[in-house]
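Architecture at a glance
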Amino acid sequence: MADLKNPKVIMAKGMLFLALGILASAMLIANTPTMQVVVLLGISIWAFCRFYYFAFYVIEHYVDPEFKFAGLIAFTRYLLRRKRR
């Protein structure tokens, strides 16, 4: 699969991810409309965003500047190789 280079298509893909996240969140809250569900969903989203930042920015810029991650699978391989050393 070729790399995505068209800025309009990249933006459309990002907006589709945003719409999917909003729709899934709204459906979860509509299914069980309690404050606990809203708070736990917010914490979960925040934590996964922080993990993503950690996996792709912190590791690359502060831990191992020579390794460039291509995705979460590459990050997992990196962690597994690092544990073996």
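Residues numbered from 1 in each chain as written. Predicted model: local features only at pLDDT ≥ 70, side-chain atom pairs only at ≥ 80, totals over all residues. Heavy atoms only, no water.

Judged by side-chain polarity, Met-35, Val-38, Val-39, Leu-40 and Ile-43 come together as a nonpolar surface patch covering roughly 470 Å² of accessible area. Its location among the elements puts Val-39 in helix α2 (residues 35-63). In this structure Val-39 comes out as partly exposed when scored by relative accessible area, which is 42%. (Patch = residues over 30% accessible without salt bridge, like charges linked within 9 Å, V, L, I, M, F, W, Y side chains within 5 Å. Areas by Shrake-Rupley, 256 points an atom, 1.4 Å probe, with all protein chains shown as cover. Salt bridge = Lys/Arg side-chain N within 4 Å of Asp/Glu carboxyl O. Helix = DSSP H or I, 4+ residues; strand = E, 2+ residues; numbered from the N terminus. Buried < 20%, exposed > 50% of the residue type's maximum accessible area, 1.4 Å probe, protein only.)

With respect to the helices and strands, the residue Ala-26 is situated in helix α1 (residues 7-31). Each C-alpha atom, one on Ala-26 and one on Val-38, is 9.6 Å from the other, the two residues being twelve residues apart in sequence.

An ideal rise of 1.5 Å per residue puts 18 Å on 13 residues; helix α3 (residues 72-84) measures up with 19 Å between its terminal C-alpha atoms. When we look at burial in α3, the residues that qualify are Ala-74, Phe-75 and Tyr-78. The buried residues of α3 occupy an angular sector of 100 degrees when the element is viewed end-on, so they sit on one face. Residues of α3 that are exposed and point over 90 degrees away from its buried face: Ile-73, Lys-83 and Arg-84. (Expected span 1.5 Å × (residues − 1). Arc of directions from axis to C-beta.)

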